[in-house]
Protein chains: 2
Amino acid sequence: MSRLEEKTLKTEKLFSGSVISLQIEDVELPNGKTSKREIIKHPGAVAVLALTDDNKIVMVEQYRKALEKTIVEIPAGKLEKGEDPLECAKRELEEETGYGCAEMEWLISFYTSPGFADEIVHLYIAKELKTVENAASMDEDEFVNLMEVTLEEAIELVRNQKIYDAKTAYAVQYLQLQGALKK
Amino acid sequence: MSRLEEKTLKTEKLFSGSVISLQIEDVELPNGKTSKREIIKHPGAVAVLALTDDNKIVMVEQYRKALEKTIVEIPAGKLEKGEDPLECAKRELEEETGYGCAEMEWLISFYTSPGFADEIVHLYIAKELKTVENAASMDEDEFVNLMEVTLEEAIELVRNQKIYDAKTAYAVQYLQLQGALKK
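Residues numbered from 1 in each chain as written. Chains lettered and ligands numbered in written order. Predicted model: local features only at pLDDT ≥ 70, side-chain atom pairs only at ≥ 80, totals over all residues. Heavy atoms only, no water.

- As annotated in an unreviewed UniProt entry, chain A is NUDIX hydrolase from Cytobacillus horneckiae.

Shown next, in the form of structure tokens:
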């Protein structure tokens, strides 16, 4: 197997925003030549596959400016500085849906765009939901419509490209797999 | 259901690179207030779940500078300007693995990071692989090690967090689901 690592020769920070930052790195390739890498730094995020007692999936409809589109996703949000992913998952679930939960379990963590970004998403499954009185509220620039859909409806939303993002497609497929394994 | 759209008031282009570009948008929120969105534009990408005749999954081990890590992924790459995703999938498969295929079928397309990027990944499944003589070669700054793993090995790699990216985790789970549905 050949060596694959790239050595950083220089890092130029071009932008630091409230969500992402951008840096250009000059790297030495495995063959000794040099190249440039355009890299987005992101604090990481969580997503929650939340199931109601009658086995519906809690979804949020949200406008995504990057896509210029309204899409349907499972509740998700980015980590605050130093925040534990499990705590973040509970917070985002409450803020976006008004639900707390008695059970929250980690399923998988994955990088979303390893070609240019270090964003990692930690996916959790939440059960035994209950409405929180005086639930924490969302960021003031966040607006969502809440939906509760059956697995069949979620599969149909994927087919119709209304569910359109990786974490949600993974979560819906996860439930399909659990159902198929039970049979 | 409430209105969710955000109206663009101003777009400031901060960076345009060879892979991504960055722009800051001033937006009007549904409640009339304003906010800023940090947005990455990306040309889109393809990924290929390629299966050998003995049902192994073709993977590439690749160093990802954004992560400062070597991870295992299914073959993937970004769209050239105006390139058809199916053609791109065939090209990337050949460049990264040396394989052509008699059958290539679209499975799903998803946005990887809708919170800040417009990157979409078109996922294909390829079967009836055969080695291409004088295969097209990779970008000159790309280095990969080829692997062929069973589904069981792939699941283990996911568990050990060696497979670590959304498209690959989705593809492995897709095969698990197909297997479970057959039983």
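Comments concerning the overall build of chain A
Line of reasoning, step 1. Along its length, chain A carries three helices and 10 strands.
Line of reasoning, step 2. Starting at the N terminus and ending at the C terminus, chain A contains elements arranged as β-β-β-β-β-β-β-α-β-β-β-α-α.
Line of reasoning, step 3. Principal-axis analysis of the C-alpha atoms places the extent of chain A at approximately 60 × 40 × 30 Å.
Line of reasoning, step 4. Split into buried and exposed, the 183 residues of chain A put 56% on the buried side. (Helix = DSSP H or I, 4+ residues; strand = E, 2+ residues; numbered from the N terminus. Buried < 20%, exposed > 50% of the residue type's maximum accessible area, 1.4 Å probe, protein only.)

Looking at the interface of chain B and chain A
Line of reasoning, step 1. Counting from both sides, the interface comprises 73 residues of chain B and, opposite them, 72 residues of chain A.
Line of reasoning, step 2. Around 6100 Å² of area is buried between chain B and chain A when both sides are counted, 64% of it from carbon and sulfur atoms.
Line of reasoning, step 3. Per-residue buried area on chain B facing chain A is highest for Leu4, Lys65 and Tyr111 of chain B; these three make up 12% of the total on that side.
Line of reasoning, step 4. On the surface where chain B and chain A come into contact, there are four salt bridges. (Contact = heavy atoms within 4.5 Å. Buried area = accessible area lost by both parts, 1.4 Å probe. Salt bridge = Lys/Arg side-chain N within 4 Å of Asp/Glu carboxyl O.)

With respect to the nonpolar core
Soluble globular proteins tend to pack their nonpolar side chains together in the buried interior.
Line of reasoning, step 1. Leu49, Ile57 and Met59 of chain A together with Leu49, Ile57 and Met59 of chain B are the most contacted members of the largest nonpolar core, which has 57 residues in total.
Line of reasoning, step 2. Setting aside its immediate chain neighbours within four residues, methionine 59 of chain B contacts Val72, Glu73, Ile74, Asn145, Leu146, Met147, Val149, Ala154, Ile163, Thr168 and Val172 of chain B.
Line of reasoning, step 3. Core analysis: the next-biggest nonpolar cluster, separate from the first, contains 14 residues, Ile20, Phe116 and Ala117 of chain A together with Phe15 of chain B among them. (Core = buried A, V, L, I, M, F, W, Y, C linked by side-chain atoms within 4.5 Å.)

A word on the sheet that holds strand S7 (residues 76-78) of chain A
Residues and elements named next belong to chain A.
Line of reasoning, step 1. The strand order S7-S4-S9-S8 describes an open sheet built from four strands, whose pairing is mixed. Unpaired on one side and paired on the other, S7 and strand S8 (99-111) mark the two borders of the sheet. Each adjacent strand pair in this sheet contributes to an overall mean axis angle of 25°, direction not counted.
Line of reasoning, step 2. By the bridge criterion, three bridges tie strand S4 (residues 45-50) to S7 in an arrangement that is antiparallel. Opposite alanine 47, over in S7, you have alanine 76 as the bridge partner.
Line of reasoning, step 3. Packed on one face of the sheet, helix H1 (residues 85-97) meets S4, S7, S8 and strand S9 (120-131) and runs near 120° to S8. (Pairing = 2+ DSSP bridges. Axes fitted to C-alpha atoms, helices over the stretch in contact; angles between N-to-C directions.)

Focus on helix H3 (residues 166-182) of chain A
Working note: α-helix, 3.6 residues per turn, so residues spaced by three or four point in the same direction.
All names here are of chain A.
Line of reasoning, step 1. With 17 residues, H3 should cover 24 Å at 1.5 Å per step; its first-to-last C-alpha distance of 24 Å lies within 8% of that length.
Line of reasoning, step 2. When you tally the buried positions in H3, you get 12 out of 17 residues, the bulk of the element.
Line of reasoning, step 3. Taken together, the buried positions of H3 are occupied by Ala166, Lys167, Thr168, Ala169, Tyr170, Ala171, Val172, Gln173, Tyr174, Leu175, Leu177 and Ala180. (Expected span 1.5 Å × (residues − 1).)

A look at the pattern of salt bridges
Line of reasoning, step 1. Taken as a whole, this structure holds 27 salt bridges over all chains when the rule is applied.
Line of reasoning, step 2. One salt bridge connects glutamate 73 of chain B with arginine 64 of chain B, and the closest N-O pair in it is separated by 2.7 Å.
Line of reasoning, step 3. Between lysine 167 of chain B and aspartate 165 of chain B there is a salt bridge, with its nearest N and O atoms 2.4 Å apart.
Line of reasoning, step 4. Three or more residues joined by partner-sharing salt bridges are found here, namely Glu80, Glu83, Arg91, Glu92 and Glu95 of chain A.

With respect to the UniProt feature "domain: Nudix hydrolase" (unreviewed entry) in chain A
Line of reasoning, step 1. Feature annotation in UniProt assigns "domain: Nudix hydrolase" (unreviewed entry) to the following positions: residues 40-171 of chain A.
Line of reasoning, step 2. Between the end C-alpha atoms of residues 40-171 of chain A there is a gap of 25 Å, over a span that is 21% helix and 42% strand. (UniProt positions renumbered as here; feature names shortened; annotations may be inferred.)

Looking at the domain arrangement of chain A
Residue and element names in this part refer to chain A.
Line of reasoning, step 1. Here the domain parsing of chain A yields domain 1 (7-41) and domain 2 (45-182).
Line of reasoning, step 2. Of the residues lining the interface, six residues belong to domain 1; the matching set on domain 2 comes to four residues.
Line of reasoning, step 3. Interface area for domain 1 against domain 2, summed over the two sides, is near 370 Å², with a carbon-plus-sulfur share of 54%.
Line of reasoning, step 4. Counting the surface domain 1 buries against domain 2, the share from its top three residues, Val19, Ile40 and Lys41, is 77%.
Line of reasoning, step 5. Linking domain 1 with domain 2 are zero salt bridges.
Line of reasoning, step 6. Between the two partners, domain 1 and domain 2, sit two residue pairs in polar contact (both at pLDDT 80 or more).
Line of reasoning, step 7. Per-class residue counts for the side of domain 1 that touches domain 2 are three nonpolar, one polar and two charged. (Domains from an automatic or database assignment. Polar contact = N/O pair within 3.5 Å; in protein donor to acceptor, adjacent residues only side chain to side chain. Nonpolar A, V, L, I, M, F, W, Y, C, P; charged D, E, K, R; others polar.)

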